[in-house]
Amino acid sequence: MPPGPRRPRADAARNRRRLLDAAVEVFGEAGIDVPMSEVARRAGVGIATLARNFPAREDLIAAVFGASMTAYADTAAAAAADPDPWRAFCGFIEYVCRIPGRDRGFGQVLTTMFPGVEVLESERQRGLREFIRLVRRAKEAGGLRPDFSPHDLPLIMLATGGVTRAGTPALAAAADRLVGYLLQACAAGNTGPLPGLPPPRELYRALEISRPGPRSE
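Anyway, here's the lowdown on the structure attached to this text. Fair warning: this is a prediction, and the values are worked out from it, not measured in the lab.

### Comments concerning the overall build of the protein
For the protein, the helix and strand inventory stands at 10 helices and 0 strands. On the protein, roughly 11,600 Å² of surface is accessible, and the fraction owed to carbon and sulfur atoms is 57%.

Okay, here's the thing in structure tokens:
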């Protein structure tokens, strides 16, 4: 028997590509909690087609942001290997703080845990290990204050993210100024005592709770 027609397979691949393109656009604009029906509408397909390709929201998030999480971890690794660790620390903080303004969804992904989503969590942990190494080197070089914790990073992102997400040029400039203030406060010469940091697991859980849940379909 001759092989059957391949059109359904081509259609399926095309629909998946349209869903991914739409999700990149929608998540980048409005964050990862948008209704899945909006992704399907933007892609021009039915909600059943979306569910067939991505049964859970986390499946779509992983497909959209897996490469971005790898790039994030790679950037952390490059910073940790920089011969000038204080300069690298400042550059990495500036890079991370600009993420929510460029891609609201990925900004949320960086401060949200996805247990069981290997493509995100393995790279997140790699990025954290490299950032811990960067922090240690910056302290050893005398640039970074000794009581800075790697788990201060999500607090810095939270502080600047609300400003950058507004999306206007004036507020983007204001966010850059805020990052400048924060980096000056991180410098080793500023040694006034800081309030204690909550346990990291509680901190990330609080960040997740503070984000609005997925909107209804």
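So that's the structure; there's more coming.
### Some remarks on the packing of aromatic side chains
Across all of its chains, the model carries 9 aromatic pairs by this definition. Look at F89 and F148: their rings are 5.2 Å apart centre to centre, the planes differ by 90°, and that puts the pair in the edge-to-face class. You can see F89 sitting in helix α5 (residues 85–102) and its partner F148 sitting in the loop between α7 (118–140) and α8 (153–164), a full 59 residues away along the chain. Each of the two residues, F89 as well as F148, counts as buried. Ring centres 5.8 Å apart and planes at 45° place the aromatic pair F92 and Y95 in the tilted group. With F92 and Y95 both in helix α5, this residue pair falls 3 residues apart, about one helical turn. The structure contains a cluster of three or more aromatic residues connected by ring pairs, namely Y72, W86, F89, F92, Y95, F131 and F148.

### A closer look at α5
Under the 1.5 Å per step criterion, the end-to-end length of α5 is 25 Å for 18 residues, consistent within 8% with the ideal 26 Å. Buried within α5 are the following residues: P85, A88, F89, C90, F92, I93, Y95, V96, C97, I99 and P100.

### A few points about the state of the cysteines
For the coordinates displayed, the defined rule picks out 0 disulfides. C97 carries a free sulfur, and the closest cysteine sulfur to it, the one in C186, is 9.5 Å from it. For the unlinked cysteine C186, the closest cysteine sulfur is that of C90, found at 7.9 Å.

### As for the nonpolar core
Ranked by internal contacts, the top residues of the largest apolar core, which has 52 residues, are F27, V39, F89 and F92. Those elements that place two or more of their residues in this core are α1 (7–30), α2 (36–43), α4 (57–80), α5, α6 (104–110), α7, α8 and α9 (169–186). Among the elements that take part in this core, α4 stands out by supplying 10 residues, more than any other.

### Remarks on α2
Buried residues of α2: M36, V39, A40 and A43, and no others. Down the axis of α2, the buried set is contained in an arc of 95°. They therefore lie on one face. Count one or two residues on from α2 and you reach G44, which has phi positive near 75°.

### A word on the packing of α5 against α7
Put simply, α5 and α7 touch, their axes get as near as 8 Å, and they point 135° apart. Overall, the two elements α5 and α7 adopt an arrangement that is oblique. In the crossing of α5 with α7, the sense of the turn from one axis to the other is left-handed. Residues P85, W86, A88, F89, F92 and I93 of α5 touch α7, and the partners they reach there are F131, L134, V135, R137 and A138.

Calculation criteria
Residues numbered from 1 in each chain as written. Predicted model: local features only at pLDDT ≥ 70, side-chain atom pairs only at ≥ 80, totals over all residues. Heavy atoms only, no water. Helix = DSSP H or I, 4+ residues; strand = E, 2+ residues; numbered from the N terminus. Areas by Shrake-Rupley, 256 points an atom, 1.4 Å probe, with all protein chains shown as cover. Phe/Tyr/Trp six-rings, centres within 6.5 Å; stacked < 30°, edge-to-face > 60°. Buried < 20%, exposed > 50% of the residue type's maximum accessible area, 1.4 Å probe, protein only. Expected span 1.5 Å × (residues − 1). Disulfide = S-S within 2.5 Å. Core = buried A, V, L, I, M, F, W, Y, C linked by side-chain atoms within 4.5 Å. Arc of directions from axis to C-beta. Axes fitted to C-alpha atoms, helices over the stretch in contact; angles between N-to-C directions. Parallel < 35°, antiparallel > 145°, perpendicular 65-115°, else oblique. Left-handed = near helix turned anticlockwise from the far one by under 90°. Contact = heavy atoms within 4.5 Å.

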